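Residues per chain, in single letters:
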Amino acid sequence: MAELIDGKAVANSLDEKTKAQVDEMVAAGMQRPGLAVILVGDDGASQVYVRRKIKACQKVGVTSIERRLPADTSQEDLLAIVHEMNADPAIHGILCQVPLPDHIDTRLVLRSISPDKDVDGFHPVNVGRLSTGTGGIVPCTPLGVMILLQSVIDDFKGKDAVVIGKSNIVGKPVANLLLDAECTVTVTHIYTANLSEICRKADIIVAAAGAPQLVKGSWVKDGAVIIDVGITRVMGDDGKEKLLGDVAFDECQHAKAITPVPGGVGPMTIACLLANTVQAAKALQAGNGAANDYADAPDRSMFK
Ligand code: GUN
């Protein structure tokens, strides 16, 4: 049987570390970290995510500042709110929940968030820092993937890693982090030929294609480690909705370790958002932005 990588347990232990850091900061007379969450409109899924993020802040002692704006908020007004938050010393992290309504240029809004407060790690400055291995804020889900891998792998050097999916939010940043950890990385996508053969050689498979049950047991070599980022809602034969990952979990019990869906990567994302907020709060209060260059870069030893 493959070892089950319990995302909830790893996320809880990261939350404990984050809370301890917050307590330490406050005891040392520093400001309590503050996370601003902006939600525009009334998309149902976004409301659920935002509620979870706010609740998680309470768990670790991070102050949350919630801004709910109507769907017809103008781009100009939204940008003005972001600029206000950029200048607010009590706010150390800013997250603008996407998707935004169609009349708003999402890229422009995400670029308007100060890179030092960009706890999603979506700003081009942080993307550039990550791709050059020079610090910055790492996007939450990729950071969560690396922490889960680190919970079962001691030495990443020279390992063959395959990342399935080349999205800006997951695939590309995960590939960069694996490269940083000295893996040999193959990134595959919808036009990749021989995906099954590429997977068969891999020591590490990170599946982030959003294609339910894409990775079959016969694609996985004995002893591989599998992180399943995919989560797709499908209708079961019994007429009930269920969540499916990108990996045929039951067929992969010859792997060394595997994440379940749900309960694998999912819980890590919010825990990493809080860790990023604390990192940003520390860096800002030390006078270095969290997106500053390597000399001031955060310690990434947590996944090395
Ligand atoms: N919408 C869905 N996931 C995310 C996320 O991680 N960050 C933001 N800003 N919006 C999202």
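Residues numbered from 1 in each chain as written. Predicted model: local features only at pLDDT ≥ 70, side-chain atom pairs only at ≥ 80, totals over all residues. Heavy atoms only, no water.

Let's talk about the sheet that holds strand 5 (residues 160-164)
Backbone hydrogen bonds are what pair the strands of a sheet, in a parallel or an antiparallel way.
Then step 1. On the basis of which strands lie adjacent, the open sheet formed by 6 strands has the order 1-11-8-7-5-6 and parallel pairing. At either margin of the open sheet sits one strand with a lone partner, and together these are strand 1 (3-4) and strand 6 (184-188).
Then step 2. Where strand 8 (residues 225-228) lies against strand 11 (residues 257-258), 2 bridges are found, and the strand directions are parallel. Bridge pairing links Val225 to Ala257 in strand 11.
Then step 3. Helix-sheet contacts for helix 6 (residues 140-150) involve strand 7 (204-207) and strand 8, and the interaxial angle to strand 8 is about 150°.
Then step 4. Together, strand 5, strand 6 and strand 7 form the strand contacts of helix 7 (residues 171-180), whose direction differs from that of strand 5 by roughly 170°. (Pairing = 2+ DSSP bridges. Helix = DSSP H or I, 4+ residues; strand = E, 2+ residues; numbered from the N terminus. Contact = heavy atoms within 4.5 Å. Axes fitted to C-alpha atoms, helices over the stretch in contact; angles between N-to-C directions.)

Observations concerning the nonpolar core
Then step 1. Counting residues in each nonpolar core, the largest one holds 59 residues, and the members touching the most others are Leu149, Phe156, Leu178, Ile204, Val206 and Ile227.
Then step 2. With 11 residues, helix 9 (residues 266-285) is the single largest residue contributor to this core. (Core = buried A, V, L, I, M, F, W, Y, C linked by side-chain atoms within 4.5 Å. Buried < 20%, exposed > 50% of the residue type's maximum accessible area, 1.4 Å probe, protein only.)

Description of the sheet that holds strand 3 (residues 63-69)
Then step 1. What the 3 strands build is an open sheet, ordered 3-2-4; its pairing is parallel. Of all the strands in the sheet, just strand 3 and strand 4 (93-96) have a single pairing partner and so form its edges. Neighbouring strand axes in the sheet, compared pairwise and without regard to direction, differ in orientation by 15° on average.
Then step 2. With 4 bridges connecting them, strand 2 (residues 34-40) and strand 4 associate as parallel partners. Note that in strand 4 the partner of Leu35 across the bridge is Gly93.
Then step 3. Its contacts with the sheet put helix 3 (residues 75-87) on strand 2, strand 3 and strand 4, and the angle it makes with strand 2 is roughly 180°.

Some thoughts on helix 9
Then step 1. Between its first and last C-alpha, helix 9 extends 30 Å over 20 residues, near the 28 Å set by a 1.5 Å rise per residue.
Then step 2. Burial within helix 9 is extensive, with 14 of its 20 residues counted as buried.
Then step 3. Just downstream of helix 9, Gly287 is the residue with a positive phi angle, here 90°. (Expected span 1.5 Å × (residues − 1).)

What to know about the pairing of strand 9 (residues 232-235)
Then step 1. Here 4 bridges tie strand 9 to strand 10 (residues 241-244), and the two strands are oriented antiparallel to one another. Within strand 10, the position partnered with Thr232 by the bridge is Leu244.
Then step 2. Here strand 9 folds back onto strand 10 in antiparallel fashion, the turn holding 5 residues, of which Gly239 has a positive phi close to 80°.

What about the pattern of salt bridges?
Then step 1. This structure, assessed with the given rule, holds 5 salt bridges.
Then step 2. Between Arg68 and Glu66 there is a salt bridge; the shortest N-O distance is 2.7 Å.
Then step 3. Across the pair Arg233 and Glu241 runs a salt bridge whose closest N-O atoms are separated by 3.5 Å. Assigned by exposure class, Arg233 and Glu241 land together as exposed. (Salt bridge = Lys/Arg side-chain N within 4 Å of Asp/Glu carboxyl O.)

Examining the state of the cysteines
Then step 1. A full pass over the atoms with the stated rule returns 0 disulfides.
Then step 2. With no disulfide of its own, Cys96 lies closest to Cys140 among cysteine sulfurs, the gap being 14 Å. (Disulfide = S-S within 2.5 Å.)

Some thoughts on the site of the ligand
Then step 1. Taken together, Lys53, Leu95, Cys96, Gln97, Val98, Asp120 and Phe122 are the residues near the ligand.
Then step 2. One of the side-chain nitrogen or oxygen atoms of Asp120 is found 2.6 Å away from a nitrogen atom of the ligand.
Then step 3. Class assignment of the residues belonging to the shell around the ligand gives a composition of 4 nonpolar, 1 polar and 2 charged. (Near = heavy atom within 4 Å. Polar contact = N/O pair within 3.5 Å; in protein donor to acceptor, adjacent residues only side chain to side chain. Nonpolar A, V, L, I, M, F, W, Y, C, P; charged D, E, K, R; others polar.)

Section: the confidence of the model for the protein chain
Then step 1. Mean pLDDT over the protein chain: 95, with 96% of residues reaching 70 or higher.
Then step 2. The least confident element of the protein chain is strand 9, whose mean pLDDT is 95; the most confident is strand 7, at 99. (pLDDT = per-residue confidence, 0-100.)

Remarks on the environment of Glu241
Then step 1. Locating Glu241 in the fold gives a position in strand 10.
Then step 2. Separated by 99 residues in the primary sequence, Glu241 and Pro142 have C-alpha atoms spaced 27 Å apart.
Then step 3. Beyond its immediate stretch of four places on either side in the chain, Glu241 contacts Arg233, Val234 and Met235.

A short note on helix 7
Then step 1. Taken residue by residue, helix 7 has Gly171, Pro173, Val174, Ala175, Leu177 and Leu178 as its buried positions.
Then step 2. Contact partners of the buried residues in helix 7: helix 5 (124-131), helix 6, strand 5, strand 6 and strand 7.
Then step 3. Of the residues trailing helix 7, Glu182 is marked for its positive phi of about 70°.

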